[in-house]
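Secondary and tertiary structure notes
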Amino acid sequence: MAKVAITETVLRDAHQSLLATRMKTEDMIPVLDKMDKVGYHSLECWGGATFDASLRFLLEDPWDRLRNIRKIVKNTKLQMLLRGQNLLGYKHYADDVVEYFVKKSIANGIDIIRIFDALNDIRNIETALKACKKEKGHAQAAVCYTISPVHDLDYFVKIAKDLVDMGADSICIKDMAGLLLPYPAYELVKALKENISIPIQLHTHYTSGVASMTYLKAIEAGVDVIDCAISPLAMGTSQPPTEPLVATLKNTPYDTDYDLNLLSDIADYFKVVRDKFVENKLLDIKVLSVDVNILKYQVPGGMLSNLVSQLKEAKKEDKYEEVLREIPRVRADFGYPPLVTPTSQIVGTQAVLNVISGERYKIVPKESKALVKGEYGKTPAPIPKEIQDLILKGEKPITCRPADLLEPELEKIKQQMSAYMEQEEDVLSYALFPQVAENYFKHRQAKKYGIDSNLVDFENKTHPI
């Protein structure tokens, strides 16, 4: 038995889950000093969707955000989430871009990088993991949790052991849909503890209503670190709240030793921030409720709302139940991928098309074809030959690591965006989101020359820069 540590997610996953990733750096800065005094295992403050949202919606430089947080947070490790070979974008990037991104993330203040792949294809994790180790960062490799006939204890233990062999410093069980129930969590943590010797962290979402109970059972099984969010931005589609877990563990062998009065001050600060988002309607009350359908259909909340809007658009809302029955069939056809970005969107859209077209795989989007072809990596179970034949129509599937087919691209990208370059990191912002970054760079230039960037039509380039 040992003390349990907590990673605080309010600066990244909590506001990504509840506030559409719209929290600005200025909302974070005033409370960082207090957060640094808690003794958290780490502050998750970067990565995921925050990079894109900073550039696209907040017109903030994500690299500046990281540097500003690091200036204040002197004692606590800073953590980020990275989608393996996808980095923070939505496609595979060449190895030279991945290596440079990891190098610059650590140089600007990141201590721990949590690296995952949507398919649990560890070949898509390797480049980022090795780059992190080379830069003396802590490489936390994540195993995406899901439920299917192939996802049993042996499967998860094998992936974790392979990641340890690859050099992972710790393992995270990443339950992005809130599917992990308390007793299965106990069994999973216990099995991992019996087979690997590096620390184990558990990440889940409160969406299905069981997450705090899941944490308690995982703690009893020996989990080392859990992800929580300070209470004003906890629960719903976010993480379990920090303070109740700290209070529950007080005076037990798992005691975190965190000061509840200090946590209460931090919560008071974030109540004010949250209320601002309630006023401007960026916090939708629906994301705070428990959605038991997640356990019933094993489908993440965001995916369910996506399906509803797709069916509304097609004026086929009456087909909702039929689509929900089709999702597990498509998922089986596609090799049982965990349902997380981008596989959740691919499987969900294909199920909708199968139902509304009246014929399975009559319409196949390019993303479905790419998944079946192996462009995202190796699926947990083999894709049945008849599905491959039906969708690929004679094209050969890819069996290598997808990034092996990509030429180095960093130098080419540097040349493309050299006119905007103000710092070395700009090339990475552009590599991940070319149009979004270009808009941001133009905004930055306008500001520099004292031009009100609100008056600038960046899309049509009607401005004097």
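Residues numbered from 1 in each chain as written. Predicted model: local features only at pLDDT ≥ 70, side-chain atom pairs only at ≥ 80, totals over all residues. Heavy atoms only, no water.

Some points on the overall build of the protein
This is how it is decided: Runs of H or I in DSSP of at least four residues are treated as helices and runs of E of at least two as strands, each being numbered from the N terminus. Only protein chains enter the accessibility calculation, which uses a 1.4 Å probe; a residue is then buried when its area is under 20% of its type maximum, exposed when over 50%, and partly exposed in between. Whether two residues are in contact is decided by their heavy atoms, any of which lying within 4.5 Å being enough. Here the open area of atoms and residues is found with the Shrake-Rupley method and a 1.4 Å probe, where only the protein chains shown may cover a residue. Under the convention used here, Asp and Glu are negative, Lys and Arg are positive, and both His and the chain ends fall outside the count. By convention, the charge on Lys lies at NZ, on Arg at CZ, on Asp at CG and on Glu at CD.
When you go through the protein residue by residue, the secondary structure sums to 20 helices and 8 strands. Along the first, second and third principal axes, the C-alpha atoms of the protein reach 65 × 60 × 45 Å. Expressed as a percentage of its 465 residues, the buried residues of the protein come to 57%. Look at the contacts in the protein between residues 6 or more apart in sequence, and 74% of them connect residues 24 or more apart. Surface exposure of the protein reaches about 19,800 Å², of which carbon and sulfur atoms provide 52%. Between the mean site of the 60 positive side-chain charges and the mean site of the 65 negative ones, the protein shows a separation of 2 Å.

What about the packing of aromatic side chains?
Threshold: Pairing of aromatic rings covers Phe, Tyr and Trp, the last through its six-membered ring, and needs centres within 6.5 Å; plane angles under 30 degrees mean stacked, over 60 mean edge-to-face, and all others mean tilted.
Here the structure, examined in full by the defined rule, presents 15 aromatic pairs. Centroid distance Y40 to Y258: 5.6 Å. Interplanar angle 70°. Geometry classified as edge-to-face. Highlighted residues: Y40 in the loop between α2 (25-37) and β2 (42-47) and Y258 in the loop between α10 (242-249) and α11 (260-279), separated in sequence by 218 residues. Both residues of the pair, Y40 and Y258, belong to the buried class. Summarising the aromatic geometry, the rings of F334 and Y361 are spaced 6.0 Å apart at their centres and angled 35° between planes, so their arrangement reads as tilted. Linking F334 in the loop between α14 (320-333) and α15 (343-357) with Y361 in the loop between α15 and α16 (366-373), this pair joins segments that are 27 residues apart in sequence. Using a relative accessible area of 0% as the deciding quantity, one classes F334 as buried.

Description of the pattern of salt bridges
Any two side chains of opposite charge can pair, given that their charged atoms come close. Worth spelling out the cut-off: The term salt bridge refers to a side-chain nitrogen of Lys or Arg lying within 4 Å of a carboxyl oxygen of Asp or Glu.
In this structure the tally under the stated criterion is 37 salt bridges. Linking E438 and K442 is a salt bridge whose minimum nitrogen-to-oxygen distance equals 3.2 Å. Here K442 and E438 lie together in helix α20 (residues 434-448), a separation of 4 residues that amounts to about one turn. Within the structure, one salt-bridge network assembled from shared partners comprises D64, R67, K104, E424 and E425.

Section: the packing of α14 against α15
Let me state the cut-off plainly: Throughout, an axis means a line fitted to C-alpha atoms (over the contacting stretch in the case of helices), and angles, computed between N-to-C directions, take values from 0 to 180 degrees. What sets the label is the angle itself: under 35 degrees gives roughly parallel, over 145 gives roughly antiparallel, 65 to 115 gives roughly perpendicular, and the rest give oblique. Note on convention: the crossing is left-handed when the near helix lies turned anticlockwise from the far helix by less than a right angle, right-handed when the turn is clockwise. Each residue is assigned to one class: nonpolar for Ala, Val, Leu, Ile, Met, Phe, Trp, Tyr, Cys and Pro, charged for Asp, Glu, Lys and Arg, and polar for all the others, Gly among them.
Closest axis-to-axis distance for the α14/α15 pair is 8 Å, and the angle between their directions is 120°. On the basis of their axis angle, the class for α14 and α15 is oblique. For the element pair α14 and α15, the recorded crossing hand is right-handed. Taking contact as the criterion, the partners of E322, V323, E326, I327, V330 and R331 in α14 are, on α15, V347, Q350, A351, V352, N354 and V355. Within the contact of α14 with α15, the residues separate by chemical class into 7 nonpolar, 2 polar and 3 charged.

Focus on the sheet that holds strand β5 (residues 138-144)
In plain terms, the rule: Two strands pair if DSSP finds at least two bridges between them.
The strand order β1-β2-β3-β4-β5-β6-β7-β8 describes a closed barrel built from 8 strands, whose pairing is parallel. Each neighbouring strand pair of the sheet contributes to a mean axis angle of 30°, computed without reference to strand direction. Packing against the sheet, helix α6 (residues 126-134) makes contact with β3 (77-82), β4 (112-115) and β5, and its axis sits at approximately 160° to β5. Packed onto the sheet, helix α9 (residues 211-220) meets β7 (200-204) and β8 (225-228) and runs at close to 170° relative to β7.

Considerations on the pairing of β8
To keep things clear, this is the line we draw: With the strands aimed away from the viewer, a crossover counts as right-handed if its path from the first strand over the helix to the second runs clockwise.
Residues V225 and D227 of β8 are buried on one face, and the alternating residues I226 and C228, pointing to the opposite face, are buried as well. With 4 bridges connecting them, strand β1 (residues 5-8) and β8 associate as parallel partners. The residue bridging I6 from the neighbouring strand is I226, located in β8. Pairing between β7 and β8: 2 bridges, direction parallel. Residue pairing for β8: Q201 is matched across the bridge by V225. Between the parallel pair β7 and β8, the chain is carried across by α9, and the sense of this crossover is right-handed.

Description of the nonpolar core
Note the cut-off: What makes a nonpolar core is a set of buried Ala, Val, Leu, Ile, Met, Phe, Trp, Tyr and Cys residues whose side-chain atoms join them at distances within 4.5 Å.
With 111 residues, the main nonpolar core has L82, F101, L163, I226 and F270 as its most contacted residues. In this structure, L163 is in contact with I122, I125, A141, A142, V143, A168 and I171, ignoring residues within four places of it in sequence. Core analysis: the next-biggest nonpolar cluster, separate from the first, contains 27 residues, V299, L307, V330 and V372 among them.

Observations concerning the side chain of D121
Spelled out, the test is: Polar contacts, as used here, are pairs of N or O atoms within 3.5 Å; protein pairs need one atom able to donate a hydrogen and one able to accept it. Residues neighboring in sequence count only if both atoms are side-chain atoms.
Inspection of the secondary structure assignment puts D121 in the loop between β4 and α6. Here the side chain of D121 touches R123 through a polar contact of 2.8 Å, side chain to side chain. Sequence-distant contacts of D121, that is, excluding residues within four places in its chain, are made with G377 and K378.

Digging into α20
As a reminder of what qualifies: Take the number of residues in a helix, subtract one, and multiply by 1.5 Å to get its expected span.
Given a rise of 1.5 Å per residue, 15 residues ought to cover 21 Å, and the 21 Å separating the end C-alpha atoms of α20 matches this to within 8%. Of all the positions in α20, only V436, A437, E438, Y440, F441, K442, H443, R444, Q445 and A446 are classed as buried. Close packing links the buried residues of α20 with α3 (50-58) and α19 (426-432). Positioned one or two residues after α20, G450 has a phi angle of 75°, which is positive.

Describing the environment of L59
Relative to the helices and strands, L59 resides in the loop between α3 and α4 (62-72). Owing to a relative accessible area of 33%, L59 belongs among the partly exposed residues under this scheme. Sequence-wise, L59 and A370 are 311 residues apart; in three dimensions their C-alpha atoms are separated by 33 Å. In this structure, L59 is in contact with S54, Y440 and H443, ignoring residues within four places of it in sequence.

Things to note about unusual backbone geometry
One non-glycine residue, T21, lies in positive phi territory at about 60°. Here T21 shows up in the loop between α1 (10-18) and α2. Take T21: its relative accessible area is 7%, and that puts it in the buried class. The backbone of K315 shows a phi angle near 55°, a positive value even though the residue is not glycine. As for its position among the elements, K315 is in the loop between α13 (301-313) and α14. Residue classification places K315 among the exposed positions, given a relative accessible area of 69%.

The quantities given are spatial measurements derived from coordinates; they are silent on function.
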